[in-house]
Amino acid sequence: GEDVEQSLFLSVREGDSSVINCTYTDSSSTYLYWYKQEPGAGLQLLTYIFSNMDMKQDQRLTVLLNKKDKHLSLRIADTQTGDSAIYFCAERGAGSYQLTFGKGTKLSVIP
Amino acid sequence: ETGVTQTPRHLVMGMTNKKSLKCEQHLGHNAMYWYKQSAKKPLELMFVYNFKEQTENNSVPSRFSPECPNSSHLFLHLHTLQPEDSALYLCASSQDRERRAGTQYFGPGTRLTVL
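What you see is a predicted model, and the numbers here were worked out from it, not measured in a lab.

(A) Local environment of the overall build of chain B. Scanning chain B from N- to C-terminus turns up zero helices and eleven strands. For chain B, the sequential pattern of α-helices and β-strands runs β-β-β-β-β-β-β-β-β-β-β. Its C-alpha radius of gyration of 13 Å places chain B within 12% of the 13 Å reference for a compact globule of 115 residues. Projected onto its principal axes, the C-alpha coordinates of chain B cover approximately 40 × 25 × 25 Å. By the burial criterion, 50% of the 115 residues in chain B qualify as buried. Averaging the locations of the 13 positively and 10 negatively charged side chains of chain B gives two centres separated by 5 Å.

What follows is the structure, given as structure tokens:
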């Protein structure tokens, strides 16, 4: 089946930028998503990008998509301690309603 | 608040018990989903309902039984579970399972422990 890979951990200092990377195998992906999960909570949608775009910016968040390399990244500018959470990358294939999730990247922000 | 609520938030049950998880969405969506989140494993899709019809059952054991009485409510009935079924069970909903971005909105989850 299709696969989504993420590194499991990332540690950054408060105020620095964080970059969380994701790779996927489904060449027919139409939409790619970033979700955030705080301890004891469900998944919160942060942003998504359509596959014909290569960048999307929303306040402190910048999503970059390299469709040729099947690589997605999420950049968080001016990272705050409240950004500490697990970040999930997910992709949706063409004609499909199912999302394939990565295992999540745990972001730790050091004060 | 995402507009998707789940009850209970925590549940501890024995292997011989029968219990139910409830999900309600206030977003006017047509599709609802059950996921299982276990430690160190990707999110696993269990069931999908679209306009109250079950459209997906990803090889889930029969000890999990879903029910969708209307587009706003989704239940997961549990019976004779195993300790390995302990996990966070997440409910999600989306506008339409195939149109637009199909963005799924998640509830806070039910943390299930099977003794």
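(B) Focus on the pairing of strand 3 (residues 18-24) of chain A. Residue and element names in this part refer to chain A. Of the two faces of strand 3, only the one carrying Ser18, Ile20, Cys22 and Tyr24 is buried; Val19, Asn21 and Thr23 on the other face are not. Pairing analysis gives three bridges linking strand 1 (residues 4-6) to strand 3, with the strands arranged antiparallel. Bridge pairing in strand 3 places Glu5 opposite Thr23. Direction of pairing for strand 3 relative to strand 8 (residues 71-76): antiparallel, over a ladder of six bridges. By the bridge assignment for strand 8, Asn21 is matched with Ser73.

(C) The state of the cysteines, seen in detail. Residue and element names in this part refer to chain A. Under the counting rule described, the total for this entry stands at two disulfides over all chains. Covalent S-S linkage joins Cys22 and Cys89, the inter-sulfur distance amounting to 2.0 Å. The S-S bond linking Cys22 to Cys89 shows a torsion near -65°; that makes this disulfide left-handed. Within this pair, whereas Cys22 is found in strand 3, its partner Cys89 is found in strand 9 (residues 85-93), the two being separated by 67 residues in sequence.

(D) Up close: the sheet that holds strand 1 of chain A. Residues and elements named next belong to chain A. One open sheet accounts for five strands, arranged 1-3-8-7-6; its pairing is antiparallel. Looking at which strands have only one partner, the edges of the open sheet turn out to be strand 1 and strand 6 (55-58). Strand after strand, the sheet turns through a mean of 15° between neighbouring axes, direction not considered.

(E) Seen up close, the pairing of strand 8 (residues 73-79) of chain B. Residues and elements named next belong to chain B. Pairing analysis gives seven bridges linking strand 3 (residues 18-25) to strand 8, with the strands arranged antiparallel. Along strand 8, the bridge assignment pairs Lys18 with His79. Sheet topology places strand 7 (residues 64-70) next to strand 8; five bridges connect them, and they run antiparallel. For Glu67, the partnering residue across the bridge sits in strand 8 and is Phe75.

(F) Just the packing of aromatic side chains, in detail. All chains considered together, the criterion is met by eleven aromatic pairs over all chains. Ring geometry for A:Tyr33 and A:Tyr48: centres 6.0 Å apart, planes at 40°, overall tilted. In this pair, A:Tyr33 sits in strand 4 (residues 29-37) while A:Tyr48 sits in strand 5 (residues 43-50), placing the two residues 15 residues apart along the sequence. Here a set of aromatic residues connected by ring pairs shows up, and it is made of A:Tyr31, A:Tyr33, A:Tyr35, A:Tyr48, A:Phe50, A:Phe101, B:Tyr33, B:Tyr35 and B:Phe106. Here the basic side chain of A:Lys56 rests over the ring of A:Tyr48, its NZ or CZ set 4.4 Å away from the ring centre.

(G) Examining the side chain of A:Gln37 more closely. Note on placement: A:Gln37 falls in strand 4. Take A:Gln37: its relative accessible area is 8%, and that puts it in the buried class. Engagement of the side chain of A:Gln37 in a polar contact is seen with the side chain of B:Gln37, the distance being 2.9 Å.

(H) Just the nonpolar core, in detail. All names here are of chain B. In this structure, Trp34, Phe64, Leu76 and Leu78 are the most contacted members of the largest nonpolar core, which totals 22 residues. Secondary-structure elements contributing two or more residues to this core are strand 2 (10-13), strand 3, strand 4 (31-37), strand 5 (44-50), strand 7, strand 8, strand 9 (87-94) and strand 11 (110-114). Apart from residues lying up to four places away in sequence, Leu76 is in contact with Lys19, Ser20, Leu21, Trp34, Met46, Phe47, Phe64, Ser65, Pro66 and Tyr89.

Parameters and conventions
- Residues numbered from 1 in each chain as written.
- Chains lettered and ligands numbered in written order.
- Predicted model: local features only at pLDDT ≥ 70, side-chain atom pairs only at ≥ 80, totals over all residues.
- Heavy atoms only, no water.
- Helix = DSSP H or I, 4+ residues; strand = E, 2+ residues; numbered from the N terminus.
- Rg over C-alpha atoms; globule rule 2.2 N^0.38 Å.
- Buried < 20%, exposed > 50% of the residue type's maximum accessible area, 1.4 Å probe, protein only.
- Lys, Arg positive; Asp, Glu negative; His and termini not counted.
- Charge placed at Lys NZ, Arg CZ, Asp CG, Glu CD.
- Pairing = 2+ DSSP bridges.
- Disulfide = S-S within 2.5 Å.
- Axes fitted to C-alpha atoms, helices over the stretch in contact; angles between N-to-C directions.
- Phe/Tyr/Trp six-rings, centres within 6.5 Å; stacked < 30°, edge-to-face > 60°.
- Lys NZ or Arg CZ within 6 Å of the ring centre and 35° of its normal.
- Polar contact = N/O pair within 3.5 Å; in protein donor to acceptor, adjacent residues only side chain to side chain.
- Core = buried A, V, L, I, M, F, W, Y, C linked by side-chain atoms within 4.5 Å.
- Contact = heavy atoms within 4.5 Å.

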